[in-house]
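Survey of secondary and tertiary structure
Listed here are the chains, written in short residue letters.
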Amino acid sequence: MVQQLLINDDDYYVPDANQLVTEDDTPVDNFASAKQQRLLVSSLYSSLESQTFLAEANVGIYYTDLQPPIVPDVFLSLDVQVPENWWEKQNRCYMVWRFGKPPEVVLEIVSNKEGDELGKKLQIYEHMRASYYIVYDPNQQLGEKVLRVYELRGRRYFETSENWLEQVGLGVTLWEGKFEDRQDTWLRWCYQDGNVLSTGDERASQAEQRASQAEQRAQILAERLRAMGIDPETI
């Protein structure tokens, strides 16, 4: 059992972070999962710049000192930030007792039948009380469903047909398109109207398109003015 520390002489205990394994540097992902994780995390930081949140991939979550951490493929926790000194041992991973709450969303990407995403992992996230648990199964390893969304109601998870996560103000959707030069079907965050959250590259491309369209409109207007005998440079 992890050694306990007493804080301020009251009854509140936290584990000694020096006794916890915050990272083990074990490479576990495949190309597809790694790219999918980058898409989900990067689009949050590119599109929700005015909001306070923490989103990461493959970072351990300690929900109790009695068990090893669970490492979701992606998690999203609202209204929290990474501590200033993130190299300190107690700040290197997500410890529920330090952040004061579990993440709102945990997500697993299924690449084989060994992860037990619908069994043990579901039970752990349920016990941890993450508001939503999402299982993305692009190759249908666990059945016919590509996407499963579980919502915490009381103490239990219930699978829902809704892909809109009301408590976080975001949804998830399957999207056909190109990310990092790879055309495929991707799982993406979306707004309630169905529009996906843009990555930084997509936002830059959209800005370029708007600038090009504005320039084209200006050229058309200038040509019309010249046809009317008006020099657009004098206006």
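Whatever comes next refers back to the structure up there.
Described below are features of the structure shown in this document. (Residues numbered from 1 in each chain as written. Predicted model: local features only at pLDDT ≥ 70, side-chain atom pairs only at ≥ 80, totals over all residues. Heavy atoms only, no water.)

Quick word on the environment of L78
Defined as follows: Secondary structure elements are defined from DSSP: runs of H or I of at least 4 residues count as helices, runs of E of at least 2 residues count as strands, and each element is numbered from the N terminus. In what follows, a contact means two residues having at least one pair of non-hydrogen atoms within 4.5 Å.
The residue L78 is located in strand β5 (residues 74–78) in this model. In the structure, L78 is positioned 26 residues away from T52 in sequence and 6.4 Å away in space, judged by C-alpha atoms. With residues up to four places along the chain from it excluded, the contact list for L78 reads T52, F53, K101, E104, Q167 and V168.

A short note on the sheet that holds β5
Heads up, the rule is: Here the rule is simple: two strands pair whenever DSSP picks up at least two bridges between them. Interaxial angles span 0 to 180 degrees and are taken between N-to-C directions of axes, which are lines fitted to C-alpha atoms, for helices over the stretch in contact.
Reading across from one edge, β3-β5-β7-β8-β9-β10 is the order of the 6 strands in this open sheet, with mixed pairing throughout. On the outer flanks of this sheet lie β3 (53–56) and β10 (156–160), each paired with one strand and no other. On average, each strand axis in the sheet is tilted by 15 degrees relative to the strand beside it, whichever way the strands run. Bridge analysis of β5 against strand β7 (residues 105–109) gives 3 bridges, and the strand direction is antiparallel. Looking at the pairing, V74 lines up with L107 of β7. The strands that helix α1 (residues 31–47) touches are β3, β5, β7 and β8 (132–136); relative to β3, the one it contacts most, it runs at about 165 degrees.

With respect to unusual backbone geometry
Keep this limit in mind: When accessible area is computed with a 1.4 Å probe and restricted to protein chains, residues below 20% of their type maximum are described as buried, those above 50% as exposed, and intermediate ones as partly exposed.
Even without being glycine, R129 reaches a positive phi, approximately 70 degrees. As for its placement among the helices and strands, R129 is situated in the loop between α3 (120–128) and β8. The partly exposed category is assigned to R129, whose relative accessible area is 42%. The phi angle at E180 is positive, at roughly 50 degrees, despite the residue not being glycine. With respect to the secondary-structure elements, E180 resides in the loop between β12 (170–179) and β13 (182–190).

A short note on the layout of surface pockets
Inclusion rule: Of the grid points, spaced at 1 Å and generated over the protein atoms alone, those admitting a 1.4 Å probe that cannot get out make up cavities, while open sets with protein on both sides within 12 Å along at least five of seven lines make up pockets; any residue with an atom within 4 Å of a point is treated as lining. Grid points are joined across faces, edges and corners, and a volume is the space filled by probe spheres set on the points. Amino acid classes used here: Ala, Val, Leu, Ile, Met, Phe, Trp, Tyr, Cys and Pro are nonpolar; Asp, Glu, Lys and Arg are charged; the rest, including Gly, are polar.
Approximately 290 Å³ is the volume attributed to the second largest pocket. Taken together, 16 residues form the lining of the second largest pocket, with A32, S33, P138, D184 and T185 sitting closest to its centre. Sort the elements by how many residues they give to the lining of the second largest pocket and α1 lands first, with 5 residues. Here the lining of the second largest pocket is built from residues that sort into 7 nonpolar, 6 polar and 3 charged.

Overview of the sheet that holds β12
Pairing is antiparallel in the open sheet, where 3 strands are placed in the order β11-β12-β13. Across the chains shown, the open sheet's two edge strands, defined by having one partner strand only, are β11 (164–165) and β13. Inspection of the sheet shows β11 paired to β12 by 2 bridges, in the antiparallel sense. Bridged to L165 within β12 is L170. The strands that α1 touches are β12 and β13; relative to β13, the one it contacts most, it runs at about 40 degrees.

Details of the environment of G200
Assignment of secondary structure puts G200 in helix α4 (residues 200–227). Judged by relative accessible area, G200 falls into the partly exposed class, the value being 38%. Along the backbone, G200 and S43 are 157 residues apart, and their C-alpha atoms lie at a distance of 7.0 Å.

Overview of the pattern of salt bridges
For the record, the criterion: When a carboxyl oxygen of Asp or Glu lies within 4 Å of a side-chain nitrogen of Lys or Arg, that pair is called a salt bridge.
The full count for this structure, using the stated rule, is 8 salt bridges. For E104, the salt bridge goes to K101, with nearest N and O atoms at 2.9 Å. K101 shares its class with E104; the two are buried. In this structure, E159 and K145 form a salt bridge, with 2.8 Å as the shortest nitrogen-oxygen distance. Of this pair, E159 sits in strand β10 while K145 sits in the loop between β8 and β9 (147–153), and the two are 14 residues apart along the sequence. The partly exposed category is assigned to E159, whose relative accessible area is 38%.

These results come straight from atomic positions and should not be treated as a statement about function.
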